[in-house]
Amino acid sequence: MSTVRFDLPEVDEFTRPYWAAAAEGRLLLRRCTACTRAHHYPREFCPYCWAGEDRVVWEPASGDAVLYTWSVIHRNDLPPFGTRVPYVAAVVDLAEGPRMMTEIVDCADAQLRIGMVLRVAFRAEPAAGLAVPVFRPADTP
């Protein structure tokens with residue numbers, strides 16, 4: 001019997017391009033061709049001008065971001081988070097404009113600062129055939 005995991009997405013036909021790109025180490029955003037604004041999380045319509053799916057396209061993101069806010073999680077009973085505590089849940093401002101919920105990795109809690117420059121990385125989830133975007137300090141090799 002497999003354990004339910006609460007840290008992996010339910011990939012569907014719409015989000016498949018996003019997760020396929022992540023598995024290749026690329027971050028995608030959606031951009032509206034009507035109002036030109038980028039948004040994240042991926043939606044089939046523009047959340048700013050309500051343009052329909054025929055006006056919203058996938059585009060590569062730079063992977064650059066700055067830390068907006070974070071919280072160090074010390075307890076989480078949902079599998080598999082309990083085995084990963086403590087971890088840093090965060091919101092980052094992507095260079096393209098949208099905010100994204102994510103996890104900060106490869107950084108001591110005491111080093112975190114609002115406005116810290118970050119770079120996307122990808123946590124491989126081989127059993128699910130996925131990679132999940134996370135962020136680390138930009139100066140981390």
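Residues numbered from 1 in each chain as written. Predicted model: local features only at pLDDT ≥ 70, side-chain atom pairs only at ≥ 80, totals over all residues. Heavy atoms only, no water.

J.: Would you explain the sheet that holds strand S2 (residues 38-39) in this entry?
T.: Read from one edge to the other, the open sheet built from 3 strands follows the order S2-S1-S3, with strand pairing classed as antiparallel. Strands with a single pairing partner mark the edges of an open sheet, and in this sheet they are S2 and strand S3 (56-60). (Pairing = 2+ DSSP bridges. Helix = DSSP H or I, 4+ residues; strand = E, 2+ residues; numbered from the N terminus.)

J.: Hey, could you run me through the pattern of salt bridges in this one?
T.: Once the charged atoms of two side chains with opposite charge are near each other, the side chains can pair. If you walk through the whole model with that rule in mind, you get 12 salt bridges. Close ionic contact of Arg 99 with Asp 93 constitutes a salt bridge, the shortest N to O distance being 2.6 Å. Looking at Arg 99, the relative accessible area reads 43%, which means it is partly exposed. In this structure, Glu 103 engages Arg 123 in a salt bridge whose closest nitrogen and oxygen atoms are separated by 2.7 Å. Of this pair, Glu 103 sits in strand S6 (residues 99-104) while Arg 123 sits in strand S7 (residues 117-125), placing them 20 residues apart in sequence. (Salt bridge = Lys/Arg side-chain N within 4 Å of Asp/Glu carboxyl O. Buried < 20%, exposed > 50% of the residue type's maximum accessible area, 1.4 Å probe, protein only.)

J.: Sorry if this is basic, but what is going on with the environment of Cys 32 here?
T.: By the element assignment, Cys 32 lies in strand S1 (residues 28-32). Between the C-alpha atoms of Cys 32 and Met 100, which are 68 residues apart in sequence, the distance is 17 Å. Among all residues touching Cys 32, those that are not within four sequence positions of it are Arg 37, Cys 46, Cys 49, Ala 51, Arg 55 and Val 56. (Contact = heavy atoms within 4.5 Å.)

Read these as geometric descriptors, not functional statements.
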